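The chain contents come next:
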Amino acid sequence: MTHRVAVVVLNHFATIDLGVPGQVFGTAETADGEKLYEVVTCSEGRMPVRCAAGYSVLPDHDLDVLDTADTVVVPGIHAGRALLDGTISDTLATALQGRSRILSICTGAFVLAAAGLLDGRPATTHWREADRFARLFPQVRLDPDVLYVDDGDVLTSAGVAAGLDLCFHVIRTDHGSEVANRAARRCVMPPWRDGGQAQYIDRHLPEAGGGTAATRDWMLAHLDRPLDLTALAEHARMSVRTFTRRFRDETGVSPARWLNGQRVQHARHLLETTELGVEEVARKAGFGTAVSLRQHLHAAVGVSPLAYRHTFRRL
């Protein structure tokens, strides 16, 4: 059965944010080409909504369509009540309540917070608006330094690219990495970025031949090896201190965290697409033992390797 995603559009909407859900969810298909999501768009009273780029859109639906949605998405906004004083209309606030899953992209988090959906919960938004968000919604546990936050039925993300990351994360959660990776390839996007990765990195141009990209490629080709910092720094021809600093500058995370994320992704891929035993999956992914794999996979997705395989091998 097709999963319905309803996108709620407000005046002053962020143009790219509006297109993200339809583009990403619209490309998610089974191996046989069956569409897995239907995306619909709505506004309060089915009224035209205008963006700062100088045009308006007329959604096909009003807010009643939310009653038929499995997932609701609120794109970012550049102005309006939610950003100004932390309020939204009573009609919109009521419509957003009680949804089985609701996502925000960028400053769409202001709308969720204004509806009371983020009270006492972790959330993120665009780093430039973090101070304003914290002043308006002190009851929200804001983390402005991550790409997205998955708190179960409520998920929030930072700027445009982080909204893409969140949508791919949702597809991966619903249908596994094979489906998410296919959708990412269709969108010419990286298939995975850790939600805890820093959203704003002050990047400096690396010295000629001094970046860590070649070593990251080498790490991906040798995930089954015990890759410690000393070996990685030697491959990059840097000191451990310099390598660690440059790696974080270029990726936003430490080498260990990046490597662990890649190993989890590889293990998920093997569980979905091969008949390898859990011990062999653990070895090929670089975790060494089934116990270690079980711990890391449970921390990442909340299930054991066998439960993960049972869920996603049928898709």
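Residues numbered from 1 in each chain as written. Predicted model: local features only at pLDDT ≥ 70, side-chain atom pairs only at ≥ 80, totals over all residues. Heavy atoms only, no water.

**Here we look at the overall build of the protein**
Here comes step 1: Looking only at helices and strands, one finds 14 helices and 10 strands in the protein.
Here comes step 2: Reported as C-alpha extents along the three principal axes, the dimensions of the protein are approximately 60 × 45 × 35 Å.
Here comes step 3: Looking at the protein as a whole, 49% of its 315 residues are labelled buried.
Here comes step 4: Counted over contacts in the protein with a minimum sequence separation of 6, partners at least 24 positions apart contribute 63%. (Helix = DSSP H or I, 4+ residues; strand = E, 2+ residues; numbered from the N terminus. Buried < 20%, exposed > 50% of the residue type's maximum accessible area, 1.4 Å probe, protein only. Contact = heavy atoms within 4.5 Å.)

**Details of unusual backbone geometry**
Here comes step 1: In this structure, His12 takes a positive phi of about 70 degrees despite not being glycine.
Here comes step 2: Looking at the element boundaries, His12 is found in the loop between strand E1 (3-8) and helix H1 (15-26).
Here comes step 3: Not every positive phi belongs to a glycine, and Arg237 is a case in point at roughly 60 degrees.
Here comes step 4: According to the relative accessible area criterion, Arg237 is exposed, its value standing at 80%.

**Let's talk about the side chain of Thr71**
Here comes step 1: For Thr71, the location among the structural elements is in strand E5 (residues 71-74).
Here comes step 2: Classification of Thr71 as buried rests on a relative accessible area of 0%.
Here comes step 3: Within the local environment of Thr71, its side chain forms a polar contact with the side chain of His3, the two groups lying 2.7 Å apart.
Here comes step 4: Ignoring any residue separated from it by four or fewer positions in sequence, one finds Thr71 in contact with His3, Arg4, Val5, Ala6, Arg101 and Leu103. (Polar contact = N/O pair within 3.5 Å; in protein donor to acceptor, adjacent residues only side chain to side chain.)

**Some thoughts on helix H9 (residues 229-236)**
Here comes step 1: Listed in full, the buried residues belonging to H9 are Leu232, Ala233 and Ala236. An end-on view of H9 places all buried positions within 95 degrees of arc, on one side of the element.
Here comes step 2: If you follow the buried residues of H9, they end up packed against helix H8 (213-221), helix H10 (240-251) and helix H11 (255-273).
Here comes step 3: Looking at the residues trailing H9, positive phi occurs at Arg237, about 60 degrees. (Arc of directions from axis to C-beta.)

**Concerning H1**
Here comes step 1: Taking 1.5 Å per residue, 12 residues should reach 16 Å; H1 reaches 17 Å between its end C-alpha atoms and fits that length.
Here comes step 2: Along H1, the residues classified as buried are Asp17, Leu18, Val20, Pro21, Val24 and Phe25. Angular distribution of buried residues about the axis of H1 spans 155 degrees; they occupy a single face of the element.
Here comes step 3: Against E1, strand E2 (37-42), strand E4 (56-57), E5, helix H6 (160-175) and helix H7 (177-186) lie the buried residues of H1. (Expected span 1.5 Å × (residues − 1).)

**A look at the pattern of salt bridges**
Here comes step 1: As enumerated under the stated definition, the model contains 11 salt bridges in all.
Here comes step 2: Put simply, Glu29 and Arg186 hold a salt bridge, and the shortest N to O gap is 3.8 Å. In this pair, Glu29 sits in the loop between H1 and E2 while Arg186 sits in helix H7, placing the two residues 157 residues apart along the sequence.
Here comes step 3: Three or more residues are tied together by salt bridges with common partners; here these are Glu29, Lys35 and Arg186. (Salt bridge = Lys/Arg side-chain N within 4 Å of Asp/Glu carboxyl O.)

**A short note on the environment of Glu280**
Here comes step 1: With respect to the helices, strands and loops of the structure, Glu280 is situated in helix H12 (residues 278-285).
Here comes step 2: Measuring from C-alpha to C-alpha, the distance between Glu280 and Ala31 comes to 25 Å, with 249 residues separating the pair along the chain.

**Brief notes about the sheet that holds strand E6 (residues 102-104)**
The strands that make up a sheet pair up through hydrogen bonds in the backbone, lying either parallel or antiparallel.
Here comes step 1: Strand order in the open sheet formed by six strands is E2-E1-E5-E6-E10-E9, with mixed pairing between adjacent strands. Single-partner strands in this sheet number two, and they are E2 and strand E9 (148-150). Adjacent strand axes in the sheet meet at a mean angle of 15 degrees when their direction is disregarded.
Here comes step 2: Judged from the three bridges that link them, E9 and strand E10 (residues 154-157) form a sheet pairing that is antiparallel. Pairing of Val149 across the sheet is with Thr156, part of E10. (Pairing = 2+ DSSP bridges. Axes fitted to C-alpha atoms, helices over the stretch in contact; angles between N-to-C directions.)

**Considerations on the environment of Glu129**
Here comes step 1: Note that Glu129 resides in the loop between strand E7 (122-123) and helix H5 (130-136).
Here comes step 2: Between the alpha carbons of Glu129 and Pro144 there is a distance of 8.8 Å; along the sequence they are 15 residues apart.
Here comes step 3: In this structure, Glu129 is in contact with Thr107 and Phe110, ignoring residues within four places of it in sequence.

**Focus on the packing of aromatic side chains**
Here comes step 1: Counted under the stated rule, the structure contains seven aromatic pairs.
Here comes step 2: When the centroid spacing of 6.0 Å and the interplanar angle of 70 degrees are considered together, the rings of Phe110 and Phe137 count as edge-to-face. One end of the pair, Phe110, is in helix H4 (residues 108-114); the other, Phe137, is in the loop between H5 and strand E8 (141-142), with 27 residues separating them in the sequence. Across the pair, Phe137 and Phe110 agree in class, each one buried.
Here comes step 3: These aromatic residues form a ring-pair network of at least three members: Phe110, Phe133 and Phe137.
Here comes step 4: The lysine or arginine in question, Arg216, covers the ring of Phe247, its NZ or CZ lying 6.0 Å from the ring centre. (Phe/Tyr/Trp six-rings, centres within 6.5 Å; stacked < 30°, edge-to-face > 60°. Lys NZ or Arg CZ within 6 Å of the ring centre and 35° of its normal.)

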